[in-house]
Structures are given as structure tokens and as C-alpha cells.
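Structural description and commentary
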Amino acid sequence: MNTREQTSPLYTQIYNIVCQIPPGKVATYGQVAKLVGGCTARMVGYALSALKDGRDPNVPWQRVINAQGRISMHGVGSSIQRMILEEEGIEFDQTDSIDFRKYLWDF
DNA sequence: CGGCTGACTCTGG
DNA sequence: TCCAGAGCCAGCC
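Reference entry: report on the structure contained in this document. Here the structure is a predicted model, which means the values were calculated and not measured.

**Here's the deal with the state of the cysteines**
Counting across every chain of the model gives zero disulfides. Cys39 provides the cysteine sulfur closest to Cys19, a residue in no disulfide bond, and the two sulfurs are 15 Å apart. Classification of Cys19 by relative accessible area gives partly exposed; the value is 43%.

**Examining the packing of aromatic side chains**
Within the structure shown, the criterion is met by one aromatic pair. Pairing Tyr11 with Tyr15 gives two aromatic rings, centres 6.2 Å apart and planes at 75°, and the pair type is edge-to-face. Here Tyr11 pairs with Tyr15, and both are found in helix α1 (residues 10-19), just four residues apart, close to one helical turn. A residue is classified by how much of its surface remains accessible, and Tyr11, at 29% relative accessible area, is partly exposed. Residue class for Tyr15 comes out buried when judged on its relative accessible area of 6%. If you follow Arg82 out to its NZ or CZ, it ends over the ring of Phe92, 5.4 Å from the centre.

Conventions adopted
- Sequence positions are assigned chain by chain, starting from 1 and proceeding in written order.
- For this description, chains carry letters from A and ligands carry numbers from 1, given in the order in which they are written.
- Local features are withheld for residues below a pLDDT of 70 in this predicted model, meaning they are given only at 70 or higher, and side-chain atom pairs are given and counted only at 80 or more; totals for whole chains, interfaces and linings count all residues.
- Neither water nor hydrogens contribute to the side-chain values; these are computed over all heavy atoms in the structure.
- The disulfide definition used here is simple: a pair of cysteine sulfur atoms within 2.5 Å.
- Partly exposed residues are those whose accessible area sits between 20% and 50% of the maximum for their type, while under 20% is buried and over 50% is exposed, using a 1.4 Å probe and protein chains only.
- Two rings from Phe, Tyr or Trp (for Trp, the six-membered ring) form a pair when their centres sit within 6.5 Å of each other. Planes less than 30 degrees apart are called stacked, planes more than 60 degrees apart edge-to-face, and all others tilted.
- Helix numbers and strand numbers start at the N terminus; a helix is a DSSP run of H or I with at least 4 residues, a strand a run of E with at least 2.
- In this scheme, the term charge over a ring applies when either NZ of a lysine or CZ of an arginine sits within 6 Å of the ring centre and within 35 degrees of the ring normal.

Here is the structure:
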């Protein structure tokens, strides 16, 4: 599927990658950015922010976290997000960080 | 076409 | 562990 290059908004490409993240795993912005290619970590974050538009509610943006292993979201959704990740089987530590050794998306 | 905003990452202290 | 500064680009009005 990733062989399909779309010239649509770069955001669509990012959503596509995020959708490929398997359950119980998480990916960092830089990780997704690299898969998209030519995209930077910021673009991923900005792209996900655009999701609020409701264009792709199916995108598991919650599985995308920052390089610190924590949720970068500003809004109250961060609490919700953590709950969702726990539902996926991901555990948080005392600092609200995720254990990359086991949960980082390894393709 | 110009300017503002935004959910990042890295390095150093 | 926390904080600050710099680099970077795509949408939207």
C-alpha cells in the first residue's frame, strides 16, 4: 500500500502512515515523518492537528507520540489519549512516559 | 500573495 | 527531570 504515492495534501500521506501503526504499538512524529519521506516531525504534528477537521476520525493519532515517549497534546484529550493507549495494552510509567523498548512501532 | 499558527526534535546547562 | 533557543514547513485567512 505504501507503494501508492499520492500527490494529495501531504497530510494525507501522514494519515496513511499513522493508520499503518499496529495496535499495541506507538510511533514517534519523527518516525512517521521518515516513513513519509521529505517530511519533518513538525509537519506530522501539524498534520494531526488538522485532523480536528473531522476528515479522518479513523486515524489513530493517539498512537503518535513525541520522541520523549510522552503525549504532546495540549488539550484535555491528552488524558483521553492515555486511556486509549492503555486500552491498546500500552503502559505508562511514573513520568507518564511510554517504554519504547516494547511499544515503539518496529516495522 | 503575505503573515500567523502549530500536537516536534535536538543540544546544552 | 525541567527549561530555553534554534531550525523547519504546510495550511488557512
